[in-house]
Amino acid sequence: MTTLDEKLEPILTQVLQRNAGEPEFHQAVREVFESLGRVVAKHPDYLQDGLFERICEPERQIIFRVPWTDDKGQVHINRGFRVQFNSALGPYKGGIRFHPSVNLGIIKFLGFEQTFKNALTGMPIGGGKGGSDFNPRGRSDGEIMRFCQSFMTELHRHIGEYTDVPAGDIGVGGREIGYMFGQYKRLTNRYEAGVLTGKGLAYGGSRARKEATGYGATYFVQHMLGRKGTSFEGKRTVVSGSGNVAIYTIEKVHSFGGKVIACSDSSGYVVDEAGIDLELLKDVKEVRRARISDYAKARGKSATYVEGGCIWDVPCDVAMPSATQNELTGKDAQTLVKNGVIAVGEGANMPSTPDAVRVFQQAGVSFAPGKAANAGGVATSALEMQQNASRDSWTFDETEQRLSDIMRNIHDACADTAEMYGAPGDYVLGANITGFVRVADAMRALGVV
Ligand code: GLU
């Protein structure tokens, strides 16, 4: 386990003071700083020119009003955010999240993580994140459209193919990206396909983008298991969540011969000893936009729904938290370890608390942090940008092959870096150092900006 370097400590203290009341942002910065002591010891010149201070300060933060009218004619006001965190490696890139929990601190933590994640992909993309505290649950299609249009009416002036390229995240999928792209096109009078990613195939989207985050996380864990001399074959796997990341994680784990026996939503979880029926899950979640309890009802005998329960109580070999931040606590990690978990791969952004990560690492469980394991989504977004820039469109197989190569490269870079810095098997250290060095080297070359 790593502790904070004494030269980084005052910088962290200042970051925490300047960003009061943003616990998730503090958590994300602290975790990265804890990994960087060994880098500073080897290369003290990274401490020059306020580099660490600059890397923690977003280049630009935009907060705006989003008024919209519901189906009954009532006006609602939400808050919109876009944090343009770091553009040393390329235009800001990162998703938009619609969820009632969204606030500036959450978007900043996500933008900070995104900066290093995007660097890990090896693609020319900087880091950013956006969103709104809008709750899409129970809203009609018309309400969603009007909200997306209002959101984009302000956002459009801040984004662009060479400036900032948003995509989806929690609460924002193909439907929402379509409405936002439509409004962007209307306002700017430009068919600028590269301004958003996660688009539909009908208007400039990339094949395999929808599947990419879940597929990518599974590829990453497969490589990690490979280093342990094993694989997904026959492994009982638990995947939390039931959104886009979870669904395509389940699909890939099954294709690798593993068996996903549980998934969840914010109301509870379902255990299906026969293995999750993916066609049914897709129908419930992607078509009907219904609850995981409806999956259990439709599935019949093999499935049990546990209302309000904790999915990490389900014994498994591999755990893939794919719902949201801090969904897996130290106590949950202890339960998983007691039940014999051998590997954990984060499909969501920062789903494990720092306590949980400590428990896994001390128990010798292979642990893949989200900024490495879930980077396949944004990497495929960068592939979508490439296709848009060249006015081309690749086959599913070609795109997935590139994704698979990228995930292998990320895995190997993290593993090799951890080894080089004297902590073999520590993917947290490996990911943080690799991402940091790529961003930091570019920032130093660009001068104090
Ligand atoms: N929201 C996803 C992430 O956290 C995807 C971002 C993107 O494709 O730009 O990486």
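Think of each chain on its own: its residues are numbered from 1, step by step along the sequence as written. Local features in a predicted model are, by the rule used here, given only for residues with pLDDT of at least 70; side-chain atom pairs are given and counted only at 80 or more, and totals for whole chains, interfaces and linings are based on all residues. Where side-chain values are given, they derive from all heavy atoms of the structure, hydrogens and water being excluded.

**Quick look at the overall build of the chain**
The helix count covers DSSP runs of H or I at least four residues long, the strand count covers runs of E at least two residues long, and both are numbered beginning at the N terminus. Of the regular secondary structure elements, the chain holds 16 helices and 12 strands. Its C-alpha atoms give the chain a radius of gyration of 21 Å, near enough to 22 Å, the size a compact globule of 449 residues would have. Summarising its shape, the C-alpha atoms of the chain cover approximately 60 × 55 × 45 Å along the three principal directions. Relative accessibility thresholds used throughout: buried, under 20% of the residue-type maximum; exposed, over 50%; partly exposed, between the two (1.4 Å probe, protein chains only). Every one of the 449 residues in the chain was classed for burial, and the buried ones make up 58%. Two residues qualify as a contact provided that any one of their heavy atoms is within 4.5 Å of a heavy atom in the partner residue. For the chain, contacts bridging at least 24 residues in sequence account for 72% of all contacts bridging at least 6. The quantity called the radius of gyration is restricted to C-alpha atoms. Its globule counterpart is 2.2 Å times the number of residues to the power 0.38.

**Overview of the site of the ligand**
Neighbouring residues of the ligand: 13 residues in total, closest Lys93, Lys117, Gly168, Asp169 and Ser381. Within 3.5 Å is the distance limit for a polar contact, defined as a pair of N or O atoms, with the added protein rule that one can donate a hydrogen and the other accept it, and that residues adjacent in sequence qualify only through two side-chain atoms. A distance of 2.7 Å is found between an oxygen atom of the ligand and a side-chain nitrogen or oxygen belonging to Lys93. At a separation of 3.2 Å, an oxygen atom of the ligand approaches a polar side-chain atom of Asn349. Methods summary: accessible areas were calculated by the Shrake-Rupley approach with a probe of 1.4 Å, and residue burial reflects only the protein chains presented. Here the ligand, which alone exposes 300 Å², has 94% of that area covered by the protein. Nearness is defined per residue: one heavy atom within 4 Å of the molecule or strand is enough.

**Some details on the sheet that holds strand 2 (residues 75–86)**
Taken together, 5 strands build an open sheet; the order of strands is 1-2-4-3-5 and the sheet is mixed. Single-partner strands in this sheet number two, and they are strand 1 (60–69) and strand 5 (164–168). Neighbour-to-neighbour, the strand axes of this sheet turn through a mean angle of 20°, independent of strand direction. The rule for pairing is simple: two strands pair if DSSP sees at least two bridges between them. Between the N-to-C directions of two axes lies an angle of 0 to 180 degrees, each axis being a line fitted to C-alpha atoms and, for a helix, fitted only over the stretch in contact.

**Examining the packing of helix 14 (residues 376–389) against helix 15 (residues 396–420)**
Packing of helix 14 against helix 15 leaves a shortest axis separation of 10 Å and a crossing angle of 135°. Classified by the angle between their axes, helix 14 and helix 15 sit oblique to one another. Helix 14 and helix 15 meet at a crossing whose hand is right-handed. Residues Gly376, Ala379, Thr380, Leu383, Gln386 and Gln387 of helix 14 pack against Thr399, Arg402, Leu403, Ile406 and Met407 of helix 15. Nonpolar residues are Ala, Val, Leu, Ile, Met, Phe, Trp, Tyr, Cys and Pro. Charged residues are Asp, Glu, Lys and Arg, and all others, Gly as well, are polar. Grouping the constituent residues of the contact of helix 14 with helix 15 by class yields 5 nonpolar, 5 polar and 1 charged. When describing relative orientation, an angle under 35 degrees is termed roughly parallel and one over 145 degrees roughly antiparallel, while 65 to 115 degrees is termed roughly perpendicular and anything else oblique. In this scheme, a crossing is called left-handed if the near helix is turned counterclockwise away from the far one by less than a right angle; it is called right-handed if the turn is clockwise.

**A few points about the pairing of strand 7 (residues 259–265)**
With respect to burial, strand 7 is a largely interior element, 6 of its 7 residues being buried. Bridge analysis of strand 6 (residues 236–239) against strand 7 gives 3 bridges, and the strand direction is parallel. The residue of strand 7 that forms the bridge with Val238 is Ala262. At this point the chain moves from strand 6, through helix 8 (residues 244–255), to the parallel strand 7, and the crossover so formed is right-handed. The sheet contact formed by strand 7 and strand 8 (residues 268–272) spans 4 bridges and is antiparallel. Here a crossover is taken to be right-handed if, once the strands point away from the viewer, the path from the first strand over the helix to the second is traced clockwise.

**Some remarks on the sheet that holds strand 11 (residues 343–345)**
One open sheet holds the 7 strands; their spatial order is 9-8-7-6-10-11-12, and the pairing between them is mixed. The open sheet is flanked by strand 9 (303–307) and strand 12 (366–368), the only strands paired with a single partner. Strand-to-strand twist across the sheet, computed as the mean angle between neighbouring axes with direction ignored, equals 15°. Two elements, strand 10 (residues 318–320) and strand 11, share 2 bridges in a ladder whose sense is parallel. Along strand 11, the bridge assignment pairs Val318 with Ala343.

**Observations regarding the pattern of salt bridges**
A pairing counts as a salt bridge when a side-chain nitrogen of Lys or Arg comes within 4 Å of a carboxyl oxygen of Asp or Glu. For the coordinates displayed, the defined rule picks out 28 salt bridges. A salt bridge links Asp355 to Arg358; the shortest N-O distance between them is 3.0 Å. Separated by 3 residues within a single helix, Asp355 and Arg358 lie in helix 12 (residues 354–362), roughly one turn from each other. Since its relative accessible area comes to 32%, Arg358 is described here as partly exposed. Among the ionic contacts, a cluster of salt bridges with common partners joins Glu31, Glu113 and Lys371.

**Some thoughts on the packing of aromatic side chains**
Each aromatic ring pair is described using two quantities: the centre-to-centre distance and the angle formed by the ring planes. The criterion for an aromatic pair is that two Phe, Tyr or Trp rings (for Trp, the six-membered ring) have centres within 6.5 Å, with stacked assigned to planes under 30 degrees apart, edge-to-face to planes over 60 apart and tilted to the rest. In the structure shown here, the tally under the stated rule is 22 aromatic pairs. With 5.1 Å between their ring centres and 20° between their planes, Phe52 and Phe436 make a pair best called stacked. Taken together, the residues span a long stretch of sequence, with Phe52 in helix 3 (residues 51–55) and Phe436 in helix 16 (residues 427–445) at a distance of 384 residues. Note on Phe232 and Phe256: the rings are 6.4 Å apart at their centroids and 25° apart in plane angle, and the pair reads as stacked. In this pair, Phe232 is assigned in the loop between helix 7 (209–227) and strand 6 and Phe256 in the loop between helix 8 and strand 7, connecting sequence segments 24 residues apart. Three or more aromatic residues link up through ring pairs in this structure, and these residues are Phe64, Trp68, Phe98, Phe134, Phe147 and Phe151. Placement of a charge over a ring requires the Lys NZ or Arg CZ to be within 6 Å of the ring centre, with the centre-to-atom vector within 35 degrees of the ring normal. Its end group placed over the ring of Tyr421, Lys42 keeps NZ or CZ at 4.5 Å from the ring centre. The ring of Trp394 carries Arg402 above its face, with NZ or CZ at 3.9 Å from the centroid.

**Section: the side chain of Arg209**
Position of Arg209 relative to the elements: it lies in helix 7. Within the structure, the side chain of Arg209 is placed 3.2 Å from the backbone oxygen of Gly377, a separation counted as a polar contact. Aside from chain neighbours lying at most four places away, what touches Arg209 is Gly198, Gly377, Val378, Thr380, Ser381 and Glu384.

**So, helix 16**
In a helix, the anticipated span is given by 1.5 Å times the number of residues less one. With 19 residues, helix 16 should cover 27 Å at 1.5 Å per step; its first-to-last C-alpha distance of 27 Å lies within 8% of that length. When you tally the buried positions in helix 16, you get 14 out of 19 residues, the bulk of the element. The N-cap residue of helix 16 is Asp426: its side-chain oxygen and the backbone nitrogen of Val428 are 3.1 Å apart. Immediately downstream of helix 16, the backbone of Gly447 shows phi near 80°, a positive value.

**Concerning helix 9 (residues 278–287)**
The α-helix advances 3.6 residues per turn, and as a result positions three or four apart in sequence lie on the same side. Those residues of helix 9 that sit buried are Leu278, Leu280, Leu281, Lys282, Val284 and Lys285. The distance from a side-chain oxygen at the start of helix 9 to the backbone nitrogen of Glu279 is 3.1 Å, and the residue carrying that oxygen is Asp277. Of the residues one or two after helix 9, Arg289 is the one with positive phi, at around 50°.

Limitation: the analysis is restricted to geometry and does not speak to function.
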